[in-house]
Amino acid sequence: MPLIFNFTMPLLMGNLLQQTYSLVDAAIVGKFLGINALASVGASTSVVFLILGFCNGCCGGFGIPVAQKFGARDYSTMRRYISVSLQLAAVMSVVIAVVTSILCGDILLMMRTPDIIFQDAYYYLLITFIGVPCTFFYNLLSSIIRALGDSKTPFWFLLFSTILNILLDLFCILVLDWGVAGAAIATVFSQGVSAVLCYGYMMRRFDILRGTPDERKFNGALARTLMYIGVPMGLQFSITAIGSIMLQSANNALGTACVAAFTAAMRIKMFFMCPLESLGIAMATYTGQNYGAGKPERIWMGVKVSALMMIIYWAFTFCVLMLGARTFALLFVEASELEILKDTELFLHISVSFFPVLGLLCILRYTIQGAGYTNLAMLSGVSEMIARVLVSLYAVPAFGYLAVCFGDPTAWIAAVLFLVPAFIFVYRRLLRMRREQ
């Protein structure tokens, strides 16, 4: 428990800071620019998750072979993996940025974005897509540093960038009067600074990364391995996001007030989800290292300890959100917006009630990924997508915003029903491999 807890805490703080980016954007936009501007920021949340989730999933996947080779003390191959992953990131991030920027307007039209917020939503989404390389490289470099056993340093870089993001938000919106576009520019620039700092630190701090020119050459076989692990992890997020897009599209059709409530509630929910996500990320690295070291029994020990920590955290969060959901919503809208406050509170009360399911989902999914079975983890994303699509097509037209509130919990349950037997299969296979060695 101390090992996983100490590794998780810097991850948690880093994830909280990343969510602070979103919270600050939405809070400043909502308070200073109004409800329509807040809805503009939130109208494309699921699309941003679709693209950035794919990038972040790939980055996490690229870090798994690094962690496995680090655990096996095969430092030469580890350095080759790191070099190839950086080369793949450069190509992939630029291609994704160009394609998504071109399709930006069509995406918002497909999502039935209300006309009154369309222009601001377009600028916010376009700038976010242009900044994809910054996000891609920050997450990749952080994943590599964590794979080498250091989860603290990325946090300090991210802390600096979060403070910079807050200052730039205020400067771009209040001084330069750039509106919603200013919030997006501040976030992209801040993440770019994080990426540069991570790269400089990583190359100076870790002597084992100083390889030969031959180790820095592109290697097709290693690239295929990285893509085999990374792309399914990225697709898992994207497949999940497809369901979220359907859900958000259904919610957009309910009007600007529902979009604003959904935006505020999602920002708050994502903030409180961070410890669950952080536990999962820690388990991916922990599992990868123990897999590389040939110690599968420790993986099951890690799952049990993580589940215990998750339940303790959920008990605390349940009390906080049940009592304070409306107070958190006031960060985004004025007290006179009673309908938005009520809808935000309802969304948060329903979501937090299902956090134990989400916590189990994160632990099992990342553990399976850390062992290298990323295709199985991707299939759990398919379960989530199907559940959200069904809610969007059948429940939202019948029950309105209440069905939107149950969209995510329904998807979490569907994923866990798949992940439990998947984890049992993977763990038994690891034990069998150990016995055969």
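The coordinates are above.
Caption draft 1: Region of interest: the overall build of the protein chain. If you tally the helices and strands in the protein chain, you get 17 helices and zero strands. By the compact-globule yardstick of 22 Å for 437 residues, the protein chain fits well, its C-alpha radius of gyration being 21 Å. Out of the 437 residues belonging to the protein chain, those deemed buried represent 60%. Within the protein chain, contacts between residues separated by at least 24 positions form 86% of all contacts whose residues are at least 6 apart in sequence. On the protein chain, roughly 17,400 Å² of surface is accessible, and the fraction owed to carbon and sulfur atoms is 70%.

Caption draft 2: Broad picture of unusual backbone geometry. In this structure, Asp177 takes a positive phi of about 60 degrees despite not being glycine. Within the secondary structure, Asp177 sits in the loop between α8 (153-175) and α9 (179-205).

Caption draft 3: The packing of helix α6 (residues 115-130) against α9, seen in detail. At a minimum axis distance of 8 Å, the contact between α6 and α9 shows a crossing angle of 15 degrees. Between α6 and α9, the angle falls in the class roughly parallel. Of the two possible hands of crossing, α6 and α9 adopt the one that is right-handed. In this structure, α6 contributes Asp120, Tyr123, Tyr124, Ile127 and Thr128 to the contact, and α9 contributes Val180, Ala181, Ala183, Ala184, Ile185 and Val188. Within the contact of α6 with α9, the residues separate by chemical class into nine nonpolar, one polar and one charged.

Caption draft 4: Examining the packing of helix α4 (residues 75-102) against helix α10 (residues 220-252) more closely. Contact geometry of α4 with α10 gives a least axis separation of 9 Å together with a crossing angle of 70 degrees. Judged by the angle between their axes, α4 and α10 are roughly perpendicular. Like other packed secondary-structure pairs, α4 and α10 cross with a definite hand, here right-handed. Two secondary-structure elements touch here, α4 through Arg80, Tyr81, Val84, Ser85, Leu88 and Met92 and α10 through Leu222, Ala223, Thr225, Leu226 and Met227. Taken together, the residues of the contact of α4 with α10 break down into eight nonpolar, two polar and one charged.

Caption draft 5: Quick look at the environment of Tyr199. Topologically, Tyr199 is positioned in helix α9. On the basis of relative accessible area, Tyr199 is assigned to the partly exposed category, the value being 41%.

Caption draft 6: Seen up close, the packing of aromatic side chains. One pass over the full model with this rule turns up 11 aromatic pairs. Their ring planes at 75 degrees and their centres at 5.9 Å tell us that Phe271 and Phe272 sit as a pair that is edge-to-face. Look at Phe271 and you get partly exposed, because its relative accessible area is 24%. On the numbers, 6.4 Å between centres and 80 degrees between planes, the contact of Phe354 with Phe406 is edge-to-face.

Caption draft 7: Structural view of the nonpolar core. Residues Phe332, Phe347, Phe355 and Ile368 are the most contacted members of the largest nonpolar core, which totals 64 residues. Among the elements that make up this core, the one with the highest residue count is helix α11 (residues 256-292) (14 residues). With near-sequence residues (within four places) excluded, Phe355 lies in contact with Lys269, Phe272, Met273, Leu276, Trp314, Thr317 and Trp412.

Caption draft 8: Region of interest: helix α15 (residues 374-399). With 26 residues, α15 extends 36 Å from end C-alpha to end C-alpha; this agrees with the ideal 38 Å at 1.5 Å per step. Of all bends in α15, the biggest is about 40 degrees, found at Ser392. A positive backbone phi angle near 70 degrees is found at Gly400, which sits one or two residues after α15.

What counts and what doesn't
Counting starts from 1 at the beginning of each chain's written sequence and moves along it residue by residue. Residue-level local features of this predicted model are given only where pLDDT is at least 70; pairs of side-chain atoms are given and counted only at 80 or more, and the full residue set underlies all totals for whole chains, interfaces and linings. Computation of side-chain values: all heavy atoms of the structure, hydrogens and water removed. For helices the rule is a DSSP run of H or I covering at least 4 residues; for strands it is a run of E covering at least 2, with both sets numbered from the N terminus onward. In this setup the radius of gyration rests on C-alpha atoms only. A globule is expected at 2.2 Å times the number of residues raised to 0.38. Each residue gets one of three labels from its accessible area relative to the maximum for its type: buried under 20%, exposed over 50%, partly exposed in between, using a 1.4 Å probe on protein chains only. In this description, contact between two residues means that some pair of their heavy atoms is separated by no more than 4.5 Å. All accessible-area figures derive from a Shrake-Rupley calculation using a 1.4 Å probe, and residue coverage is judged against the displayed protein chains alone. The axes are straight lines fitted to the C-alpha atoms, using for helices just the contacting stretch, and the angles between their N-to-C directions are given from 0 to 180°. In what follows, roughly perpendicular refers to angles from 65 to 115 degrees, roughly parallel to angles under 35, roughly antiparallel to angles over 145, and oblique to any angle outside these ranges. Whether a crossing is left-handed or right-handed is set by the direction in which the near helix is turned from the far one by less than a right angle, anticlockwise for left-handed and clockwise for right-handed. Residue polarity follows a fixed list, in which Ala, Val, Leu, Ile, Met, Phe, Trp, Tyr, Cys and Pro are nonpolar, Asp, Glu, Lys and Arg are charged, and the others, Gly among them, are polar. Working definition: rings of Phe, Tyr and Trp (its six-membered ring) pair if their centres are within 6.5 Å, and the pair is stacked with planes under 30 degrees apart, edge-to-face with planes over 60 apart, and tilted otherwise. To define a nonpolar core, start from buried Ala, Val, Leu, Ile, Met, Phe, Trp, Tyr and Cys residues and group those joined through side-chain atoms within 4.5 Å. A helix is expected to reach a length of 1.5 Å times the quantity of its residues less one. Bend at a residue means the angle formed by two fitted axes: the first through the 7 residues ending at that position, the second through the 7 residues beginning there.

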